[in-house]
Amino acid sequence: MLIIKNLKLSKPYILAPMAGVSDLPFRMLNRKFGCELAFIEMINCRSLTHKSKKTKHMLSSSQKDRPLGIQILGSDQKFIMRSLDVLADYKYDLLDFNAACPARKVVRRGEGSALLKEPKKLEKLLSALVKNSDKPVSVKIRIGWDKNSINADEVACIAEQAGVSAVFIHGRTALQGYDGDVNYPAILKAKLKTRIPIIGSGDVFSAELAKKMLAETGCDCVAVARGAIGNPWIFKEIDSSFGVSKIYKPPSPDEVCKVMLEHMKMCVDFYGERVGVVIFRKFFSCYTKGMRKVRLFRERFSRVKTLIEASLIIQEAFSPDQLRKSQRR
């Protein structure tokens, strides 16, 4: 069992927040496959204080969408504190502060992974969050800014001193982005120097890689991110590898087709038909990753605008006739 202050989780994995991905339909679909704790995508504190319609929609949730984490981004303490006032109107279980995002527009503002270069400022912000939040506070970091300034152990200790209840560590530097190898020893070093839960992140694309993260870092839990996009079955696979459920069998084409249609319908119900179908376009490529002779279907799907048209393309892509064609050399 993973315990983050008063939040108790029975499974050694969570669904990490992903910008442009972790909306309510995505979270609810993955919960059906075994995901326990899920996060709303990263929200900028300034956007929260402005209470825009887009931000309110991002914060949409439901009774079954629990336990739920909210991840905030910022570097100005004034706006960070104001965001807590806004979030007081929402039901959630864990507040995560992002000090890991490597996006240029974020770093230019001194936010996200830029804070790894200012540990004292990060400690001040985390201390203020812990003091003023009525929810457990965690922080997401990377192992450092670049290969010459790997300081995850130092930052994790600072976070612990600030009163943070858990630390998420992505095993790459900010300058790496999502390229190169995950540095497991750097996460292990942070784990050995702290007493609070450490959640390992980076390249958890399978149960085998989830086990590798746990074994080589000693972390208390793994964060599944890109590995769950178009593959909610990853949670069943991990459960099976830990003996929580029966032997895992990869989904059949019929099951993939069924889940794609279900996910797309959830998007349409949440966003409306036109926007929902457009948003689902990015998921089509992920669900069909590895399929042969699917390029033309992806091109057609990139132009769809209606639920009926999109559904027909998905069904055609997974039809017995098409699957037979894709097996031919």
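In case you missed it, the structure is sitting above this.
In short, a report on the structure. For clarity, every value in this text was computed on a predicted model and none was experimentally measured.

**Observations regarding the overall build of the protein**
Argument step 1. When helices and strands are counted, the protein shows 15 helices and 10 strands.
Argument step 2. A compact globule built from 329 residues would reach a C-alpha radius of gyration of about 20 Å, and the protein, at 20 Å, matches this within 12%.
Argument step 3. With 329 residues in all, the protein has 56% of them scored as buried.
Argument step 4. Taking contacts inside the protein between residues at least 6 apart in sequence as the whole, the part at least 24 apart equals 69%.
Argument step 5. Total accessible area on the protein stands at roughly 15,700 Å², and carbon and sulfur atoms take up 51% of it.
Argument step 6. In the protein, 57 side chains carry a positive charge and 34 a negative one; their mean positions are 3 Å apart.

**Digging into the nonpolar core**
Argument step 1. Counting 91 residues, the largest nonpolar core has Ile-72 and Phe-97 as the members making the most contacts within it.
Argument step 2. Looking at this core element by element, the count peaks at 7 residues for helix α11 (residues 253–271).
Argument step 3. Beyond its immediate stretch of four places on either side in the chain, Ile-72 contacts Ile-43, Cys-45, Leu-48, Ile-80, Ser-83, Leu-87, Leu-95, Asp-96, Phe-97, Asn-98 and Leu-129.
Argument step 4. If you look at the next biggest cluster of nonpolar residues, it comprises 14 residues, including Leu-9, Ala-166, Phe-168 and Cys-221.

**Quick notes on the packing of aromatic side chains**
Both the distance between ring centres and the angle between the ring planes are used here to describe each pair of aromatic rings.
Argument step 1. Per the stated rule, a full pass over the model turns up 10 aromatic pairs.
Argument step 2. Ring centres of Phe-39 and Phe-168 lie 5.8 Å apart, and the angle between their planes is 90 degrees; on these two criteria the pair is classed as edge-to-face. In this pair, Phe-39 sits in strand β4 (residues 38–44) while Phe-168 sits in strand β8 (residues 166–173), placing the two residues 129 residues apart along the sequence. Note on accessibility: Phe-39 and Phe-168 belong to one class, buried.
Argument step 3. When the ring of Phe-280 is compared with that of Phe-301, the centres are 6.1 Å apart and the planes differ by 65 degrees; the resulting orientation is edge-to-face. Taken together, the residues Phe-280 in helix α12 (residues 273–287) and Phe-301 in helix α13 (residues 295–301) connect sequence positions 21 residues apart. Neither residue differs from the other here; Phe-280 and Phe-301 are each classed as buried.
Argument step 4. Linked through ring pairs, Phe-26, Phe-33, Trp-233, Phe-280, Phe-283, Phe-284, Tyr-287 and Phe-301 together constitute an aromatic cluster.

**What to know about unusual backbone geometry**
Argument step 1. Note the cis peptide between Arg-66 and Pro-67, where omega equals -5 degrees.
Argument step 2. Take Pro-67: it is sitting in the loop between α3 (53–58) and β5 (68–73).
Argument step 3. In this structure, Lys-51 takes a positive phi of about 55 degrees despite not being glycine.
Argument step 4. Counting through the fold element by element, Lys-51 comes out in the loop between α2 (45–50) and α3.
Argument step 5. Residues other than glycine seldom take positive phi values, yet Asp-203 does so here, at roughly 60 degrees.
Argument step 6. Tracing the chain through its elements places Asp-203 in the loop between β9 (198–201) and α9 (207–217).

**Considering the packing of helix α1 (residues 24–32) against α11**
Argument step 1. Between α1 and α11, the shortest axis-to-axis distance is 9 Å and the interhelical angle comes to 145 degrees. For α1 against α11, the interelement crossing comes out right-handed. In this structure, α1 contributes Leu-24, Pro-25, Phe-26, Met-28, Leu-29 and Lys-32 to the contact, and α11 contributes Val-259, Glu-262, His-263, Met-266, Cys-267 and Phe-270.
Argument step 2. Classifying every residue of the contact of α1 with α11 by side-chain character gives 9 nonpolar, 1 polar and 2 charged.

**A look at the pattern of salt bridges**
Argument step 1. A full pass over the atoms with the stated rule returns 16 salt bridges.
Argument step 2. A salt bridge links Asp-239 to Lys-11, with the shortest nitrogen-to-oxygen separation between them at 3.2 Å. One end of the pair, Asp-239, is in helix α10 (residues 234–241); the other, Lys-11, is in the loop between β2 (7–9) and β3 (13–15), and 228 residues separate them in sequence.
Argument step 3. With a shortest N-O distance of 3.2 Å, Arg-226 and Asp-203 are connected by a salt bridge. Within this pair, whereas Arg-226 is found in the loop between β10 (221–224) and α10, its partner Asp-203 is found in the loop between β9 and α9, the two being separated by 23 residues in sequence.

Quick notes on the rules
- Residue numbers restart at each chain and count upward from 1, following the sequence in its written direction.
- Local features are withheld for residues below a pLDDT of 70 in this predicted model, meaning they are given only at 70 or higher, and side-chain atom pairs are given and counted only at 80 or more; totals for whole chains, interfaces and linings count all residues.
- Only hydrogens and water are set aside; all other atoms, that is, all heavy atoms of the structure, feed into the side-chain values.
- Segments assigned H or I by DSSP are reported as helices when at least four residues long, segments assigned E as strands when at least two residues long, and all are numbered from the N terminus.
- Both definitions apply: the radius of gyration is a C-alpha atom measure, and the globule rule equals 2.2 Å times residues to the power 0.38.
- Throughout this description, buried means an accessible area under 20% of the type-specific maximum (1.4 Å probe, protein chains only), exposed means over 50%, and partly exposed covers the range between.
- Every residue pair with non-hydrogen atoms within 4.5 Å of one another is taken to be in contact.
- Every accessible area reported is derived by Shrake-Rupley at a probe size of 1.4 Å, with residue values counting cover from the shown protein chains alone.
- As used throughout, the charge tally considers Lys and Arg to be positive and Asp and Glu to be negative, leaving His and the chain termini uncounted.
- Taken as the charge centre is NZ of Lys, CZ of Arg, CG of Asp or CD of Glu, depending on the residue.
- To define a nonpolar core, start from buried Ala, Val, Leu, Ile, Met, Phe, Trp, Tyr and Cys residues and group those joined through side-chain atoms within 4.5 Å.
- Here the aromatic set is Phe, Tyr and Trp, taking the six-membered ring for Trp, and pairing holds for ring centres within 6.5 Å; pairs whose planes are under 30 degrees apart are stacked, those over 60 apart are edge-to-face, and all others are tilted.
- Note on geometry: axes are C-alpha line fits, over the in-contact stretch for helices, and angles between N-to-C directions span 0 to 180 degrees.
- Each helix crossing is assigned a hand: it is left-handed if the near helix lies turned anticlockwise from the far helix by less than a right angle, otherwise right-handed if that turn is clockwise.
- When residues are grouped by polarity, Ala, Val, Leu, Ile, Met, Phe, Trp, Tyr, Cys and Pro land in nonpolar, Asp, Glu, Lys and Arg in charged, and all others, Gly among them, in polar.
- Within this document, salt bridges are pairs made up of a side-chain nitrogen of Lys or Arg and a carboxyl oxygen of Asp or Glu, the two lying within 4 Å of each other.

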